[in-house]
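# What the coordinates show
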Amino acid sequence: MANAYANVQKPMFKYFEYLVTVSSSNNTFVFRDDGATDITCTIPSGDYTWTGLAYQIRKQMRASTGVAVYTIRYRVNTRVFYFASDLSGGAASFQIRTGHANDIAATLGVTGSKTGASAYDGDSAVPVLTTVTFTQVARLPRVRRSEAREDL
């Protein structure tokens, strides 16, 4: 006799995510806001989404000795990071510095130092998202024999 209680996998929702791991080998972001002094931000180790990483870098930049207000955004539609400074508080310029030890700039799509403006886009897109589909097991209703039913 066939199994009367077949299981069916029913898609519940899709979860789109890409986690980037920050460790001691890629945890520094270096910038300048006065044109001469490098300011190094250290990002705490962990797994971040792209938007979470942008938030964490901005948080560390604002906590650093920089004088301006900084903005870092991850643009989902283009997968490119955006970096900006309002050049307030006496900041003369805003520069992103690359090529130092433990640099995270390449992970963010920045392949070379940026100078001469107050806002920059990354040079390349970051990796695409991963799709994970979560499912729910749906069981067919259990049918009882008629002599065992109380409503008859």
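No experiment lies behind these values; they were computed from the predicted model shown. (Residues numbered from 1 in each chain as written. Predicted model: local features only at pLDDT ≥ 70, side-chain atom pairs only at ≥ 80, totals over all residues. Heavy atoms only, no water.)

## Some points on the overall build of the chain
For the chain, the helix and strand inventory stands at one helix and eleven strands. Expressed as a percentage of its 152 residues, the buried residues of the chain come to 32%. Sequence-distant contacts, at least 24 apart, represent 59% of the contacts inside the chain between residues at least 6 apart. With the model as given, the accessible surface of the chain reaches about 9300 Å², and the carbon-plus-sulfur share is 52%. (Helix = DSSP H or I, 4+ residues; strand = E, 2+ residues; numbered from the N terminus. Buried < 20%, exposed > 50% of the residue type's maximum accessible area, 1.4 Å probe, protein only. Contact = heavy atoms within 4.5 Å. Areas by Shrake-Rupley, 256 points an atom, 1.4 Å probe, with all protein chains shown as cover.)

## Focus on unusual backbone geometry
A positive phi angle is found at Arg79, which is not glycine, with a value near 60°. Here Arg79 shows up in the loop between β6 (70–75) and β7 (80–85). The partly exposed category is assigned to Arg79, whose relative accessible area is 29%.

## Concerning the pattern of salt bridges
Counted under the stated rule, the structure contains four salt bridges. Three or more residues are tied together by salt bridges with common partners; here these are Arg32, Asp38 and Arg97. (Salt bridge = Lys/Arg side-chain N within 4 Å of Asp/Glu carboxyl O.)

All we've got here are geometric facts, nothing functional implied.
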